[in-house]
Amino acid sequence: LGQLLMQRGINNFEEAKAFFRPSLAQLHNPFLMKDMDKAVTRLLQAFENQEKIIIYGDYDVDGATSVSVFYGFLKKYYSHLEYYIPDRYIEGYGVSSQGIDYAEANGFTLIVTLDCGIKSADKVIEANRRGIDFIICDHHRPDSNLPPAVAVLDPKREDCPYPYKELTGCGVGFKLLQALCMQGFGEETELMEQLDLLVVSIAADIVHITGENRILAAFGLKELNKRKRVGLNALIEI
């Protein structure tokens, strides 16, 4: 057992204790992520001004769970929300022109992207021209030029000091919600009930189950085993 731990880079008692008994207290402060303060400030401004917000996610498992977590949590506290998942075959990956058209036509002034957006600089520029702001939550490696969004949350940004780089898109969205809770918007205990969806994103997106992902997966499995969601139960049964 000791040899197996050493092979995993675990070299002392404290690291072994953290490995066998993960704790939510071990999660990193979300404000260590570059632009997190800007993202929280813009969302709180939108809530105060009763702006209409679109939660925009990719069409894969990570994107769908991201939207479910973000929309599912926020709708308990704020009503001017919609979610938008682009059609895989008609709109393709990332932010689409159709999505921006829909936002403009229906009076939305803020789009939060989850698991996409880091490669959509041209679409963000177009949306900005139409008076629509963006907060981007992504985990893909960015290009040299970042989209001109209000905030770009991505641990893989070269200038991002966040200690753990392997979060899923759902994980990045979760950290934004955690930051909102720390600022007094929402209950963190209710946020932790969303971890059953987050562990599905970790499994389906084939990211490293180390560090923060391992903690989130451990507690996510506990939530998943409570079998409280009709949709996930249906998938488990088959």
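About the criteria used
- Within every chain, residues take consecutive numbers counted from 1 along the sequence as written.
- Totals for whole chains, interfaces and linings use all residues, but because this is a predicted model, local features are given only for residues with pLDDT of at least 70 and pairs of side-chain atoms are given and counted only at 80 or more.
- Water and hydrogen atoms were dropped before computing side-chain values, which therefore reflect all heavy atoms in the structure.
- A helix here means a DSSP run of H or I that spans at least four residues, while a strand means a run of E at least two residues long, and both kinds are numbered starting from the N terminus.
- For a compact globule the rule gives 2.2 Å times the number of residues to the power 0.38, and the radius of gyration it is set against comes from C-alpha atoms.
- With a 1.4 Å probe rolled over the protein chains alone, any residue whose accessible area is under 20% of its type maximum counts as buried; one over 50% counts as exposed, and the rest are partly exposed.
- A contact between two residues is defined here by any heavy atoms of the two lying within 4.5 Å.
- Residue burial considers only the protein chains on display, and all accessible areas are found by Shrake-Rupley using a 1.4 Å probe.
- An axis is simply a line fitted to the C-alpha atoms; with a helix, the fit covers only the stretch in contact. Between two such axes, the angle follows the N-to-C directions and lies from 0 to 180 degrees.
- Here roughly perpendicular refers to angles of 65 to 115 degrees, roughly parallel to angles under 35, roughly antiparallel to angles over 145, and oblique to all remaining angles.
- Note: crossing handedness is left-handed where the near helix turns anticlockwise from the far helix by less than a right angle, and right-handed where it turns clockwise.
- Charged residues are taken to be Asp, Glu, Lys and Arg, nonpolar residues to be Ala, Val, Leu, Ile, Met, Phe, Trp, Tyr, Cys and Pro, and polar residues to be all remaining types, Gly included.
- Residues belong to one nonpolar core when they are buried, are Ala, Val, Leu, Ile, Met, Phe, Trp, Tyr or Cys, and are joined through side-chain atoms within 4.5 Å.
- Salt bridges are counted wherever a side-chain nitrogen of Lys or Arg sits within 4 Å of a carboxyl oxygen of Asp or Glu.
- Note on aromatic contacts: the rings of Phe and Tyr and the six-membered ring of Trp form a pair at centre separations within 6.5 Å, being stacked when their planes are under 30 degrees apart, edge-to-face when over 60 apart, and tilted otherwise.
- The rule is short: NZ of Lys or CZ of Arg within 6 Å of the ring centre and within 35 degrees of the ring normal puts a charge over the ring.

Caption draft 1: Broad picture of the overall build of the protein chain. Within the protein chain, the regular secondary structure consists of eleven helices and five strands. Radius of gyration (C-alpha) of the protein chain: 18 Å, near the 18 Å computed for a compact globule of 238 residues. Classification of the 238 residues of the protein chain by burial places 49% in the buried group. Relative to all contacts within the protein chain whose residues are 6 or more apart in sequence, the contacts with residues 24 or more apart total 67%. Summed over its atoms, the accessible surface of the protein chain is roughly 11600 Å², and 53% of this surface lies on carbon and sulfur atoms.

Caption draft 2: Structural detail: the packing of helix α4 (residues 61-74) against helix α7 (residues 169-182). Running from N to C, α4 and α7 cross one another at 15°; their axes reach a closest spacing of 8 Å. As far as their axial angle goes, α7 and α4 are roughly parallel. As α4 packs across α7, the resulting crossing turns out to be right-handed. Between α4 and α7, the contacting residues are Asp 62, Thr 65, Ser 66, Val 69, Phe 70, Phe 73 and Leu 74 on the first element and Gly 169, Cys 170, Gly 173, Leu 176, Leu 177, Leu 180 and Cys 181 on the second. Classifying every residue of the contact of α4 with α7 by side-chain character gives nine nonpolar, four polar and one charged.

Caption draft 3: Quick peek at the environment of Ile 236. Positionally, Ile 236 belongs in helix α11 (residues 230-237). Residues Ile 236 and Glu 104, spaced 132 residues apart in sequence, show a C-alpha to C-alpha distance of 39 Å. Ile 236 has contacts with Leu 224 and Arg 227, leaving out every residue within four places of it along the chain.

Caption draft 4: Looking closely at the nonpolar core. Leu 43, Ile 53, Phe 70, Leu 74, Ile 135 and Leu 176 are the most contacted members of the largest nonpolar core, which has 51 residues in total. Among the elements that take part in this core, α7 stands out by supplying eight residues, more than any other. Once residues within four sequence positions are removed from consideration, Ile 53 is found in contact with Leu 43, Ala 46, Phe 47, Tyr 78, His 80, Leu 81, Glu 82, Phe 108, Leu 110 and Val 112. Within the second largest apolar cluster, 17 residues are counted, among which are Ile 54, Ile 111, Ile 132 and Phe 134.

Caption draft 5: Seen up close, the pattern of salt bridges. Following the criterion strictly, the structure yields 18 salt bridges and no others. Close ionic contact of Arg 42 with Asp 133 constitutes a salt bridge, the shortest N to O distance being 2.9 Å. Of this pair, Arg 42 sits in helix α3 (residues 36-48) while Asp 133 sits in strand β4 (residues 133-137), and the two are 91 residues apart along the sequence. Under the relative-accessibility criterion, Asp 133 is labelled partly exposed at 26%.

Caption draft 6: Spatial organisation of the packing of aromatic side chains. This structure, assessed with the given rule, holds nine aromatic pairs. Centre to centre, the rings of Tyr 56 and Tyr 84 are 5.2 Å apart; their planes meet at 15°, and the pair counts as stacked. With a gap of 28 residues between them, Tyr 56 in strand β1 (residues 53-57) and Tyr 84 in strand β2 (residues 81-84) connect regions that are remote in the sequence. Assigned by exposure class, Tyr 56 and Tyr 84 land together as buried. Taken together, Phe 47, Phe 73, Tyr 77, Tyr 78 and Phe 185 form an aromatic cluster joined through their ring pairs. Sitting over the face of the ring of Phe 19, Arg 214 holds its NZ or CZ atom 3.7 Å from the ring centroid. Its guanidinium or amino end placed over the ring of Phe 219, Lys 222 lies 4.7 Å from that ring's centre, counting from NZ or CZ.

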